[in-house]
Amino acid sequence: MYKLWLIPALPFIGFLINGIIGRKLPKAVTNLVAVGSVVLAFLWVLFVGNQSNWGATPLHAHYFTWIKSGAVNVGWDYWVDKLTMIMLMVVTGIGSLIHIYATGYMEHEEGYYRFFAYLNLFMFFMLNLVLAGNYLILFVGWEGVGLCSYLLIGFYFVKKSATTAGNKAFIVNRIGDFGFSLAMFLMFTTFGSLNFAKVFAAAPGKPEGILTAIAFLMLLGATGKSAQIPLYVWLPDAMEGPTPVSALIHAATMVTAGVYMCSRSSVIFLHAPMAMEAVALVGLATAVFAATIGLTQYDIKKVFAYSTVSQLGYMFLGVGVGAFSAGVWHLMTHAFFKALLFLGAGSVIHACHGEQDMRHMGGLRKYAPKTMAVLACASLAIAGFPGTSGFFSKDAILTAAYGHAPWMFWVGVVTAGMTAFYVWRAFWMTFWGEYKGHGHPHESPWSMLGPLVVLAILSLFGGVLFNVPKILEGMFPPLHEVEGEGMLMGISIAAGLLGIALSYYMYVVNTELPAKITAALGGLYRLVYDKYRVDEAYDAAVVTPLIEGSKAVLWHGVDQGVIDGAVNGVGYQARGIGGILKLIQSGNIRSYATWIAVGAVALLLALGAGGGVK
Amino acid sequence: MDPSQALEMLKNGVPTSWYLTLSALLFSIGVAGFMIRRNIITVFMCIELMLNAVNLSFIAFAHQHKQVSGHLFTFFVMVVAAAEAAVGLAIILTVFKNRSTLNIDEINTLKN
Amino acid sequence: MNMLDLVIALPAIGFLIALLIPRAMDNFIRLFALGFSLLTFVVSLTLVMGFQQGAAGQQFVTNVVWIQNPEIHYHVGIDGLSLWLIILSTFLTPIAILLSWNAIQDRAKEYFAFLLLLEFGLVGVFAAWDLFLFYVFWEVVLVPMYFLIGIWGHDRRIYAAVKFFLYTMAGSVLMLAAIIFLYTQAGTFDYASILDQFSTGKIVLTHLQETLLFLAFFLAFAIKVPLFPLHTWLPDAHVEAPTAGSLMLASVMLKMGTYGLVRFCLPMFPTAARENAPWIVILAIIGIVYGALVAMVQPNMKKLVAYSSVSHLGFVVLGIFTFTQAGLDGAVYQMLNHGISTGALFLLVGFLYERRHSLEISSYGGVATAAPWLSILFLITTLASIGLPTLNNFVGEFLVLQGAAQANFTWAVFASLGVILSACYMLWMYQRVFFGELSEEVKHHMPELSLREWACAVPLIFMMLWMGMYSQSFIPIVSEQNAKILHQGKMSSPVRAMAAVQGVNNAR
């Protein structure tokens with residue numbers, strides 16, 4: 001009807017062309033295929049949206065039966081409603097911009113075609129994820145984007161750190177997927193279907209215990225993909241990938257899949273209050289935790305990576321307190337300003353000839369003023385400056401959090417202050433002061449700057465242009481009105497401004513101060529700087545015991561020792577017995593005769609003892 | 001058993017058990033010789049002794065059951081024994097020519 | 001004489017003719033074997049064409065007396081369970097022959113003849129409907145594989161071959177005893193007739209007898225699968241076998257065990273199967289996790305893949321003993337999937353070995369720079385093996401785990417751990433072999449894929465995609481057959497219980 005399949009199919013065709021014959025194609029053709037396919041997908045999304053009243057009446061498409069066995073019957077189904085529409089716009093829209101940017105950014109890289117093939121493949125899986133009409137198709141996209149993330153993080157596969165980071169991303173995500181797949185199994189045994197429509201229709205009548213279990217398992221899946229505690233560890237390492245990848249996959253789209261999934265499953269979560277509480281707590285904890293790490297990092301991409309983890313925590317907080325539409329809203333605005341931050345950072349790194357350490361930057365406002373301007377927009381948005389996109393969505397989440405539990409609001413506000421501080425800290429360190437790097441920094445080409453300008457406009461005005469809670473009205477329970485909303489808004493604005501001001505004071509006015517504070521904090525600072533040594537703890541608690549145990553106990557111990565030992569033991573025993581028996585077979589006739597005689601006598605004696613033959 | 005009783009028994013013919021006892025004795029002598037003696041010729045003769053012990057019991061049973069098959073088997077055994085003697089003695093002669101010994105324990109080249 | 005007979009006979013004829021070809025005509029033997037196996041494959045495809053979905057019982061049946069007394073029939077036929085396994089055998093044999101083209105120079109004639117003999121045995125095993133005939137084919141398979149490992153294997157080939165042979169024999173002897181016992185009860189070796197006598201209550205087994213018979217069959221099959229802790233022959237056999245041997249061993253021969261479980265253990269002894277299911281499932285789950293953990297620390301690529309097979313086959317056994325439609329379908333589908341994807345892994349490892357002459361992971365690194373296409377094919381296969389959706393293994397694993405979740409959710413939880421671990425060991429191997437700096441030694445020994453190698457790998461990759469994206473081409477007929485097996489099991493249990501009661505009464 002609307003040819004929904006065309007949306008993911010276009011990037012897939014791009015993937016096939018670039019993947020199979022890309023090596024022989026000139027760069028211009030590769031660009032055309034890669035960018036064109038995504039832009040066409042974006043246009044098709046617009047067309048479908050325009051024709052279908054932007055998902056107000058959900059569209060449903062069934063293409064073929066994928067897996068069918070007994071009661072299990074999963075089709076390749078697509079489902080488009082208002083939530084899908086928003087996600088489609090974000091994915092294809094931001095995706096198009098980042099593809100265009102990447103043509104400039106990756107121009108001199110080897111494996112240019114390979115990069116775009118992977119990127120298109122990512123678009124294919126991501127679009128599957130958001131278009132899915134049942135959980136299994138969602139899972140296809142879910143795993144598929146994980147694969148592309150793995151490939152793109154490890155894009156510079158000669159570098160060991162890059163491929164290790166790729167493995168880490170895939171494996172940690174697999175732990176999340178373990179939860180997700182168990183959720184699906186439980187869901188199927190409960191509802192007899194994985195179809196969104198059927199599951200959501202049946203969910204309200206099911207026992208809360210099972211729904212809570214399903215929701216918790218889904219949350220585990222979401223913590224993997226969306227980098228929440230305890231599975232967030234892969235995302236900072238994922239910055240080994242090229243910067244456009246960090247922007248597209250590890251900031252704007254893929255990592256928000258967990259938020260999307262939770263919002264999509266809002267019916268289940270709403271009937272599992274305990275799981276909702278857990279979502280909110282996980283989100284809040286991650287937001288604070290990652291923000292503190294972000295305060296101390298010097299690698300510009302690491303700062304933004306922890307910022308992403310922290311902002312994703314915000315979204316989970318929104319979902320967890322029941323403000324699903326606010327969570328989705330923040331998802332969208334975050335996609336705008338975080339993509340811009342990363343692309344801007346990429347532009348900065350490009351300008352500094354690949355340098356990522358902010359201590360070796362500085363003074364770039366003279367060399368790259370346009371980059372500075374767009375980054376300022378993004379930094380204002382993430383700091384929640386009034387009127388910018390981030391302001392609206394963050395405020396919606398915080399207000400809802402206040403309605404749920406006031407202490408959550410206060411923790412959120414503190415986090416907002418920290419966010420403003422570390423983002424602007426990065427801004428001042430990069431653009432103010434004197435240039436401390438090597439070579440001559442330079443401004444980026446327009447193929448890179450163009451998308452940045454578009455994103456800057458969206459970061460500033462995206463909140464006004466797209467009022468997501470209004471769009472999604474009716475899909476989720478309405479946001480509660482909270483008393484004194486104006487005051488709460490004021491507090492969060494103040495926190496943001498305070499953060500900006502403090503960073504200005506510490507990194508522009510009084511540049512000695514950070515060193516003094518660092519020295520004063522001592523061990524605590526080291527701990528935070530070392531990311532609380534979580535990676536090391538995981539290594540020591542899980543990875544090392546697993547590997548060493550498998551090697552020493554299972555392989556050498558059980559397999560070679562016990563089982564093979566037993567088998568070989570049986571073999572040796574058989575040989576030993578044979579060795580004894582062999583002595584009888586002397587080949588000496590007379591000894592045989594003796595045995596026969598002895599046997600005969602024994603037989604006769606036995607017969608005699610038994611009373612003879614009757 | 002006093003002589004008069006024995007005479008009474010002999011009047012009815014020698015009992016089968018006497019033949020069987022003799023046969024068993026001869027057979028045991030043959031077995032013992034086969035196992036103990038080292039000289040091939042002696043061993044060979046012990047085998048003949050065992051065969052004839054068996055023949056004796058065949059004849060005894062044939063007499064007791066008044067059946068001819070016992071005789072028949074005896075003839076078979078005798079024919080086989082004769083053939084065996086012919087072949088066996090020839091082999092022994094050849095062995096003696098080659099080895100100039102008739103000690104069984106020294107003729108074990110087939111082993112191993 | 002129908003098409004099935006032809007599929008069974010062609011490899012045997014090929015084997016005999018190959019033996020007559022003079023040793024000097026090396027290349028002709030290769031071509032001949034390839035041609036013959038391709039011909040067999042094409043003929044076997046007519047089985048798919050002619051297969052009637054929805055028809056009751058076996059199809060393409062031939063039933064003639066082979067031995068008069070005791071009466072043993074040449075009774076062959078196929079149903080939804082055996083069809084794809086036969087196709088798998090005929091599909092992989094040409095690939096096995098083609099991939100050995102250059103690798104085998106020594107005694108090429110015997111080698112290719114043995115591959116044909118192996119195909120003969122495999123097709124026979126899956127087609128046989130007479131228990132004795134089944135046993136004969138079962139043992140026929142053993143012989144060529146023994147020689148393939150023992151003659152053309154690597155350094156410790158004799159040890160591996162003997163271990164392989166003895167392990168398998170130990171199980172199959174018990175199976176033979178069970179078959180003979182069934183003969184004394186049923187008066188026939190004919191499987192259809194035995195099943196019939198079971199369901200009508202003509203054969204009445206005591207509980208102990210049923211359990212012992214089940215265990216005898218089960219042990220034979222479990223060794224072949226191999227189920228933990230009977231698996232230690234597999235890594236040795238794989239490491240020592242030549243590439244084609246590993247391919248056929250992993251892809252098809254292991255399926256003889258799981259096929260036997262579904263074909264014989266479940267329909268004949270449903271009660272015993274259900275009673276013993278709990279500990280069998282536990283062994284299967286231990287196998288899944290254990291195989292994966294041990295695979296993770298292997299320094300040798302083939303051993304790694306071998307242990308991963310232990311893990312994958314654990315899924316199959318788990319699926320079978322869930323007694324759910326999804327689990328059983330998934331298990332059978334997983335047999336085929338494992339055949340394709342692990343076969344492809346061994347194939348690609350074989351390509352690496354032919355280049356670098358080492359199976360140690362540590363002697364590689366940076367292959368992706370030298371041979372990008374080889375790396376891509378290996379990556380796709382790796383992804384299939386770790387169960388990425390849209391590739392084949394995912395469908396099977398999903399169904400098995402879904403079935404397990406329906407039977408007992410805890411089983412699904414523990415078995416799913418295997419899915420996490422599979423990503424660990426495969427990706428770590430992939431990283432160490434293909435990524436990183438290209439060393440000088442690797443650089444000079446790593447040409448890109450040749451045309452022949454492409455021809456070997458592409459059909460397998462194609463099947464991975466097909467089976468992953470459109471499982472409806474394969475599953476329905478399997479599903480139909482499995483539904484019958486499950487139905488039989490449920491139906492026949494009460495009938496047989498009643499018959500047993502009557503038997504006891506009659507005895508009084």
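You'll find the structure just up there.
Since the model is a prediction, treat every value here as computed from it, not as a measurement. (Residues numbered from 1 in each chain as written. Chains lettered and ligands numbered in written order. Predicted model: local features only at pLDDT ≥ 70, side-chain atom pairs only at ≥ 80, totals over all residues.)

### Some thoughts on the overall build of chain B
- Looking only at helices and strands, chain B features four helices and zero strands.
- Each helix and strand of chain B, ordered N terminal to C terminal, gives the series α-α-α-α.
- Its C-alpha atoms give chain B a radius of gyration of 19 Å, more than 25% over the compact-globule value 13 Å for 112 residues.
- With respect to the three principal axes, the spread of C-alpha positions in chain B is 60 × 30 × 25 Å.
- Among the 112 residues that make up chain B, the fraction classed as buried is 9%. (Helix = DSSP H or I, 4+ residues; strand = E, 2+ residues; numbered from the N terminus. Rg over C-alpha atoms; globule rule 2.2 N^0.38 Å. Buried ≥ 20, exposed ≤ 12 C-beta atoms within 10 Å, placed from the backbone.)

### Quick notes on helix α1 (residues 3–20) of chain C
Residue and element names in this part refer to chain C.
- Between its first and last C-alpha atoms α1 spans 25 Å; for 18 residues at 1.5 Å apiece the expected length is 26 Å, and the two agree.
- Along α1, the largest kink reaches about 30 degrees and is centred on Ala 9; proline Pro 11 follows within four residues of it.
- On its buried side, α1 packs onto α2 (26–50), β1 (59–67), β2 (72–78), α3 (80–99) and α4 (108–127). (Expected span 1.5 Å × (residues − 1). Bend = angle between axes of the 7 residues up to and from the residue. Contact = placed C-beta atoms within 7 Å.)

### Concerning the interface of chain C and chain A
- At the interface, 43 residues of chain C touch 38 residues of chain A.
- Elements that contribute at least two residues to the side of chain C that touches chain A include exactly α11 (270–296), α13 (325–356), α14 (367–370), α16 (392–407), α17 (409–434) and α20 (475–507) of chain C.
- At 11 residues, the largest contribution of residues to the side of chain C that touches chain A is made by α17 of chain C.

### Considerations on the arrangement of the chains
- Where the two pairs of chains in contact are concerned, the greatest contact count is recorded for chains A and C.
- Where chain B comes nearest to chain C, the C-alpha atoms are still 25 Å apart, and the two do not contact one another.

### Things to note about the interface of chain B and chain A
- With five residues of chain B in contact, the opposing surface of chain A contributes five residues.
- Its residues assigned to classes, the side of chain B that touches chain A comprises four nonpolar, no polar and one charged. (Nonpolar A, V, L, I, M, F, W, Y, C, P; charged D, E, K, R; others polar.)

### Considering the environment of Val 316 of chain C
Residue and element names in this part refer to chain C.
- Among the secondary structure elements, Val 316 is positioned in helix α12 (residues 301–320).
- Taking the C-beta count within 10 Å as the criterion, Val 316 has 31 such neighbours and is therefore assigned buried.
- Sequence separation between Val 316 and Tyr 259 is 57 residues; the distance between their C-alpha atoms is 10.0 Å.
- Other than its neighbours up to four places away in sequence, Val 316 contacts Thr 258, Ala 331, Gln 334 and Met 335.

### As for helix α23 (residues 513–521) of chain A
- With zero of its nine residues buried, α23 of chain A lies for the most part at the surface.
- Just downstream of α23 of chain A, Gly 522 of chain A is the residue with a positive phi angle, here 60 degrees.

### Section: the environment of Leu 92 of chain C
All names here are of chain C.
- Counting through the fold element by element, Leu 92 comes out in helix α3.
- With 26 C-beta atoms counted inside 10 Å, the residue Leu 92 sits in the buried group.
- Separated by 117 residues in sequence, Leu 92 and Gln 209 place their C-alpha atoms 39 Å apart.
- Among residues more than four places away in sequence, those in contact with Leu 92 are Leu 247, Met 248, Ser 251, Val 252, Gly 339 and Gly 343.

### Observations concerning the pairing of strand β1 (residues 59–69) of chain A
Residue and element names in this part refer to chain A.
- Here β1 pairs with strand β2 (residues 72–80) via eight bridges, running antiparallel. Along β2, the bridge assignment pairs Lys 68 with Asn 73.
- Hairpin remark: β1 followed by β2, antiparallel, with two residues in the connecting loop; positive phi at Gly 70, about 60 degrees. (Pairing = 2+ DSSP bridges.)

### Focus on the packing of helix α3 (residues 82–105) of chain A against helix α4 (residues 112–131) of chain A
Residue and element names in this part refer to chain A.
- Between α3 and α4, the least distance of the axes is 10 Å, while the angle of their chain directions is 170 degrees. As far as their axial angle goes, α4 and α3 are roughly antiparallel. Contacts from Thr 84, Met 87, Leu 88, Val 91, Gly 95, His 99 and Ala 102 of α3 reach α4 at Leu 119, Met 123, Met 126, Leu 127, Val 130 and Leu 131.
- For the contact of α3 with α4, a count of residues per class yields 10 nonpolar, three polar and no charged. (Axes fitted to C-alpha atoms, helices over the stretch in contact; angles between N-to-C directions. Parallel < 35°, antiparallel > 145°, perpendicular 65-115°, else oblique.)

### Observations concerning unusual backbone geometry
- The omega angle of the peptide bond from Ile 229 of chain A to Pro 230 of chain A is 5 degrees, so this bond is cis rather than trans.
- Relative to the helices and strands, Pro 230 of chain A is located in the loop between α8 (208–225) and α9 (234–237).
- Across the junction of Phe 228 of chain C and Pro 229 of chain C, the peptide omega takes the value 0 degrees, indicating a cis bond.
- Among the structural elements, Pro 229 of chain C can be located in the loop between α8 (207–224) and α9 (233–240).

### Considering the packing of helix α15 (residues 324–351) of chain A against helix α17 (residues 369–382) of chain A
All names here are of chain A.
- One can describe the packing of α15 onto α17 by two numbers: an axis separation of 9 Å at closest approach and a directional angle of 145 degrees. α17 is crossed by α15, and the crossing has left-handed handedness. For the pair formed by α15 and α17, the contact residues are Thr 333, Phe 337, Leu 340, Leu 341, Gly 344, Ser 347, Val 348 and Ala 351 on the first element and Thr 371, Val 374, Leu 375, Ala 378, Ala 381 and Ile 382 on the second.
- Here the residues of the contact of α15 with α17 sort into 10 nonpolar, four polar and no charged. (Left-handed = near helix turned anticlockwise from the far one by under 90°.)

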